[in-house]
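Each chain is listed here by its residues.
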Amino acid sequence: MPIVPLYGHHTLRQRLLHALQGGALPASLLFHGPAGVGKQRLALWLAQALVCDRDDRPCGECQHCRFALELTHPDIHWYFPRPAVKAPAEKQAEAATEDILEARAERAAAHGLYPAPDGKSAIGVAFARSMLHAAARTPAMARRKVFIVGDAERMVAQEGSDESANAVLKLIEEPADDTTVILTSSERDSLLPTIRSRVVAVRVAPLPPADVTGFLSNEVVASALAQAHGSVTRSALVQLANGAPGTLLGSENRDAATAAASAMLDAARAHDLAGIYAAALASGASGARGAFTDSLESLTVLLHDVTREAVVAGDDRTSRNAAAGVDTVEDARGMAHGNVNPQLIAANVMLDLARRLS
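So, how was this worked out
Residues numbered from 1 in each chain as written. Predicted model: local features only at pLDDT ≥ 70, side-chain atom pairs only at ≥ 80, totals over all residues. Heavy atoms only, no water. Buried < 20%, exposed > 50% of the residue type's maximum accessible area, 1.4 Å probe, protein only. Helix = DSSP H or I, 4+ residues; strand = E, 2+ residues; numbered from the N terminus. Pairing = 2+ DSSP bridges. Core = buried A, V, L, I, M, F, W, Y, C linked by side-chain atoms within 4.5 Å. Axes fitted to C-alpha atoms, helices over the stretch in contact; angles between N-to-C directions. Parallel < 35°, antiparallel > 145°, perpendicular 65-115°, else oblique. Contact = heavy atoms within 4.5 Å. Expected span 1.5 Å × (residues − 1).

1. Describing the pairing of strand E1 (residues 28-32)
- The buried fraction of E1 amounts to 5 of the 5 residues, a majority that puts the element mostly inside the structure.
- Residues Ser28, Leu30 and His32 of E1 are buried on one face, and the alternating residues Leu29 and Phe31, pointing to the opposite face, are buried as well.
- Inspection of the sheet shows E1 paired to strand E4 (residues 179-185) by 5 bridges, in the parallel sense. Opposite Leu29, over in E4, you have Ile182 as the bridge partner.

This is the structure:
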C-alpha cells in the first residue's frame, strides 16, 4: 500500500519542479522548518520526482513512482534516527543497512505515518557508513540516487563525537553526478556549521488550516489519529496541530515530555527546592539520550514561550533571563549525550533557572 499523499506546500513544490526541469536543482538541499510540517514527506516527493522517467513528473503511475510511494525504490535511500545497532565494528555498516531497511518497511506498513523518534535514537556512525557504502554504488534502477536524511541534527553520535556528521559531510561536499542529497531538520542551528555552509537551505513553512484539514480528512490519517485522540473533533485537531499535523502523531510521548518539562519549570520559578529535587529524581539515573533529553527539548520550547510573553509584557529582565536559560538547557542537552547522570543535570538546570527567574 502506498504512503499517504503529500498535502500542501504547493508553491514550494512548483519552485522545486521548476528548478528540476531547468537543470538548476542543487545537488545538496536542506529542508528546515518546524517539526511536523511534512519536511520528510516533501523530501520523499522530490525524490519521487527525481527518479520518475516521464515528462510530467512525478507522474505517480510509472514503476519508479509506484516503488517510491511504497518506500521500496532501490535508489531512494531514506535515513532517520534509530537506536544504536549492536554488532562488531566490522559488521556495523551492514547491520545498520538491515536495520534501516526494516524501519522503512515499518513506516511503509503504517502508510508513512510515524511519531517523532524518541530521544534514544540518533544517526550514528554505523548509519553514516551505511550511507557512504550505498553512495559508492551505481543506481540500481533509475538514472539517479537520492539520499534523504531526516532529523539531520541528530547526526552527532551519542558518545559526543561528530564522526557521523563528518562522514555524511563527505557525501554532501562531493556528491556524484548521479546523486542528490536532501537533509531535513527542525533544528537547523544544531547542524554542524560545515554542513550548513554546503547545502542550499529551503524553509518549509507550517501548513494553512485548509491543508491541515485535507490531511486530517484522509481516511488512513483519520483512522490513525482516532486511536490517539479518541473523539476529539477535526476542527479541534486542526487548532491543536497549529500548521504542523505531524505533531499529532505519537502525542503520548510528546505530552509526557511536556509534562516533565512543565514540572521542572514550575519548580524552578517557585524556588521550590523539594519540587526541584523531586523533578530531578524523576529524570532517571541512566539513558542519557532518552526521555530525559526529550524533556529538555520541551523545556527549551517552554522557555521560548516565557521569553515571548515577557517581551509582549515589556518585562525586559525576565525576557533576557529566560533567553539565557535556553542556553543553560542547550548546554545540558549537550552533556546528556555523554555518560552523565541525568538527575544531576536536571537539578543543576533547575537551580540555574531558579536563580535567573527569581
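Here the narrative resumes, following the displayed structure.
2. Let's talk about the nonpolar core
- The biggest cluster of nonpolar side chains holds 64 residues, and the ones touching the most others in it are Phe31, Leu46, Ile148, Met155 and Leu183.
- Ranked by residues supplied to this core, first place goes to helix H2 (residues 39-51) with 9 residues.
- Judged by nonpolar contacts, the second largest core, of 26 residues, contains Leu299, Ala347, Val349 and Leu353.

3. Side note on the packing of helix H4 (residues 92-109) against helix H5 (residues 125-135)
- One way to put it is that H4 packs onto H5 with a least axis distance of 8 Å and a crossing angle of 85 degrees. Considering their axes alone, H4 and H5 lie roughly perpendicular with respect to each other. In contact with Gln92, Ala93, Ala96, Thr97, Asp99 and Ile100 of H4, H5 contributes Ala126, Phe127, Arg129, Ser130 and His133.

4. Structural notes on H4
- For H4, with 18 residues, the first-to-last C-alpha span of 26 Å sits near the 26 Å given by 1.5 Å per residue.
- Taken as a whole, H4 has its buried residues at Ala93, Ala96, Asp99, Ile100, Ala103, Arg104, Arg107 and Ala108.
- The inward-facing, buried residues of H4 abut H2, strand E2 (76-79) and H5.
- At the exit of H4 stands His111, carrying a positive phi of roughly 60 degrees.

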